[in-house]
Amino acid sequence: EPTAVVDDLFNMLKTTDPDAWQKLQDFQAEQGVNIRNDLAGPLGGEYAFAVDGPLLPTPSWKAIFQVDDQTHLQQTLELTVEKVNAELAKHGKQPLVWTRAESNGKTFYELKTAGVPVALNYAYAYGYLIAAPSRALVENAIKYKESGHTLLGSAKFKASLPEDKQANFSAMVYQNVSPLLEPAAKLLGNAGQKEATKAIKGFLGN
């Protein structure tokens, strides 16, 4: 449970570094945000991170977090961005900008800084927050869920499970690097691709 993790970290910090613990308490009071209750509290216990698509020119990463209280979490995120923007304004820097768009009954959020091409896009769906560098990737993730085309249906994935085919584990790492290297192959040529594939697979132990 996220709150249990935060409790453990805070107890350790309180014991090992009382000064840092006090500074953390002061920070939370000043910002009006309680890390345990406002950030960890709304979350559930399921998380996933994936690079699902080409690595170039922009990695197609996705991050998914189970959310039990969407309203509370969104209020906390908006308050945090408001505080960050206040600090940025003091130093004459560009603020973070929210953009919201409604589509098919869902709200898509984009958070970025003016003049910077990198952005954070996310939406809430089916009890999860789905985040990615572009709205298209978020929408695709939701479509995969709705179509039933998931990792659990992948023959390659199921073939890598233990012999008894039981999926009773707390965490896992799964990789299938070949599709991710295709854009690089066009830049490196066949010889370069073979060497890159060999090196990456050797590093990942595949």
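Structural data are supplied above this passage.
Let me begin by describing the structure that accompanies this report. Everything numeric here is computed off the predicted structure, so don't read it as measured data. (Residues numbered from 1 in each chain as written. Predicted model: local features only at pLDDT ≥ 70, side-chain atom pairs only at ≥ 80, totals over all residues. Heavy atoms only, no water.)

**Topic: the environment of F157**
Then, in step 1: Summarising the element assignment, F157 is placed in helix α6 (residues 155–159).
Then, in step 2: Residue classification places F157 among the buried residues on the basis of a relative accessible area of 4%.
Then, in step 3: Separated by 19 residues in the primary sequence, F157 and N176 place their C-alpha atoms 9.0 Å from one another.
Then, in step 4: The contacts of F157, once residues within four sequence positions are left out, are L151, L152, M172 and Y174. (Helix = DSSP H or I, 4+ residues; strand = E, 2+ residues; numbered from the N terminus. Buried < 20%, exposed > 50% of the residue type's maximum accessible area, 1.4 Å probe, protein only. Contact = heavy atoms within 4.5 Å.)

**A closer look at the packing of aromatic side chains**
Then, in step 1: Taken as a whole and judged by the stated rule, the model has eight aromatic pairs.
Then, in step 2: Each ring, one from W98 and one from Y109, has its centre 6.2 Å from the other, and the planes form 75°; the classification is edge-to-face. With W98 in strand β3 (residues 96–103) and Y109 in strand β4 (residues 106–113), the pair connects residues that are eleven residues apart, well separated along the chain.
Then, in step 3: The exposure class of Y109 is buried, given its relative accessible area of 9%.
Then, in step 4: The ring centre of F108 lies 4.6 Å from the NZ or CZ of R135, which sits over that ring. (Phe/Tyr/Trp six-rings, centres within 6.5 Å; stacked < 30°, edge-to-face > 60°. Lys NZ or Arg CZ within 6 Å of the ring centre and 35° of its normal.)

**Brief notes about the side chain of N85**
Then, in step 1: You can see N85 is positioned in helix α4 (residues 70–90).
Then, in step 2: Excluding anything up to four places from it in sequence, N85 contacts P95 and L96.

Nothing here speaks to function; it is geometry throughout.
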